[in-house]
Each structure stands twice: as C-alpha cells, then as structure tokens.
Amino acid sequence: MAEQQGQQQEPQAATAPTPDDALGYEHARDALLEVVRQLENGGISLEESLALWERGEQLAKVCQRWLDGARARLDAALAAEEGTGPAGE
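This is a predicted model, so every value here is computed, not measured. (Residues numbered from 1 in each chain as written. Predicted model: local features only at pLDDT ≥ 70, side-chain atom pairs only at ≥ 80, totals over all residues. Heavy atoms only, no water.)

It is worth spelling out the overall build of the chain at this point. When its secondary structure is counted, the chain shows three helices and zero strands. Along the chain, helices (α) and strands (β) appear in the sequence α-α-α when read from the amino end. Scored against the burial criterion, the 89 residues of the chain give a buried share of 13%. Of the roughly 6,900 Å² that the chain leaves accessible, carbon and sulfur atoms contribute 56%. (Helix = DSSP H or I, 4+ residues; strand = E, 2+ residues; numbered from the N terminus. Buried < 20%, exposed > 50% of the residue type's maximum accessible area, 1.4 Å probe, protein only. Areas by Shrake-Rupley, 256 points an atom, 1.4 Å probe, with all protein chains shown as cover.)

What follows is the structure, encoded as structure tokens:
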C-alpha cells in the first residue's frame, strides 16, 4: 500500500502533455458538461460550434484517462488482495 500512496495521481498521457492534463477529473467533467450545454442551446456560429466540439473532445479524453487510471488502480488493488488471501494463497 505504501507503493500506491507514492504513485502519481495525475492522468498518464500517451502523447505530449497538454494544459488539460493538469485538470482533475471533476473539473474536466464539469467543463465538458458546460460545453455540451452550450452546444445544445445553439445560437452560435458554425465556427464556434466546431471549436466547442473540439474542446469537448479534448475534455472527454482527459476524463477517460482519469477513468482508465482509476480502473488500473482498482484492478491492481484487487489483484494484490487476491494474492494475500487466507492460508497464503
């Protein structure tokens, strides 16, 4: 467990880091919800819609990296727990 505490808490990017990589999951999710709200409301130009769509795609990737990292941590914790079962299993 000491190893897990020392692990980095930020999402792991497969490419060069972007400013969005510094966002926490909740912040990225909230920003994505705001993008969706603006797109659903309409009343903006095609160029603005495309820019919002691209921003939403970036934010969705940040959220997915956080979720993938959380899944990996859960899988590792479950695997470690299974390795320390009763009778040294």
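Here the narrative resumes.
So, about the pattern of salt bridges. Overall, the coordinates contain three salt bridges when judged by the stated rule. In this structure, arginine 71 engages aspartate 75 in a salt bridge whose closest nitrogen and oxygen atoms are separated by 3.5 Å. With a gap of four residues between them, arginine 71 and aspartate 75 both fall in helix H3 (residues 46–83), about one helical turn apart. The class of aspartate 75 is partly exposed, set by a relative accessible area of 39%. (Salt bridge = Lys/Arg side-chain N within 4 Å of Asp/Glu carboxyl O.)

On to the nonpolar core. Counting seven residues, the largest nonpolar core consists of Leu23, Ala28, Val35, Leu52, Leu59, Val62 and Cys63. Taken together, the elements giving at least two residues each to this core come down to helix H2 (25–41) and H3. It is H3 that contributes the most residues to this core, four residues altogether. (Core = buried A, V, L, I, M, F, W, Y, C linked by side-chain atoms within 4.5 Å.)

With that out of the way, let us pick up the confidence of the model for the chain. Averaged over every residue, the pLDDT of the chain is 82; residues scoring 70 or more account for 72%. Element-level pLDDT for the chain is lowest in helix H1 (residues 2–6), with a mean of 41, against a maximum mean of 97 in H2. Low pLDDT, under 50, characterises residues 1–14; the predicted model gives this stretch 13 contacts beyond four residues in sequence or across chains. (pLDDT = per-residue confidence, 0-100. Contact = heavy atoms within 4.5 Å.)

Turning next to the packing of H2 against H3. Two elements in contact, H2 and H3, have axes separated by 9 Å at closest approach and are oriented at 150 degrees. Regarding the angle of H2 to H3, the classification is roughly antiparallel. The way H2 lies across H3 gives a crossing that is left-handed. Here Tyr25, Ala28, Arg29, Ala31, Leu32, Val35, Gln38 and Leu39 of H2 lie close against H3, whose contacting residues are Ser49, Leu52, Trp53, Arg55, Gly56, Leu59, Ala60, Val62, Cys63, Trp66 and Leu67. When grouped by side-chain class, the residues that make up the contact of H2 with H3 number 14 nonpolar, three polar and two charged. (Axes fitted to C-alpha atoms, helices over the stretch in contact; angles between N-to-C directions. Parallel < 35°, antiparallel > 145°, perpendicular 65-115°, else oblique. Left-handed = near helix turned anticlockwise from the far one by under 90°. Nonpolar A, V, L, I, M, F, W, Y, C, P; charged D, E, K, R; others polar.)

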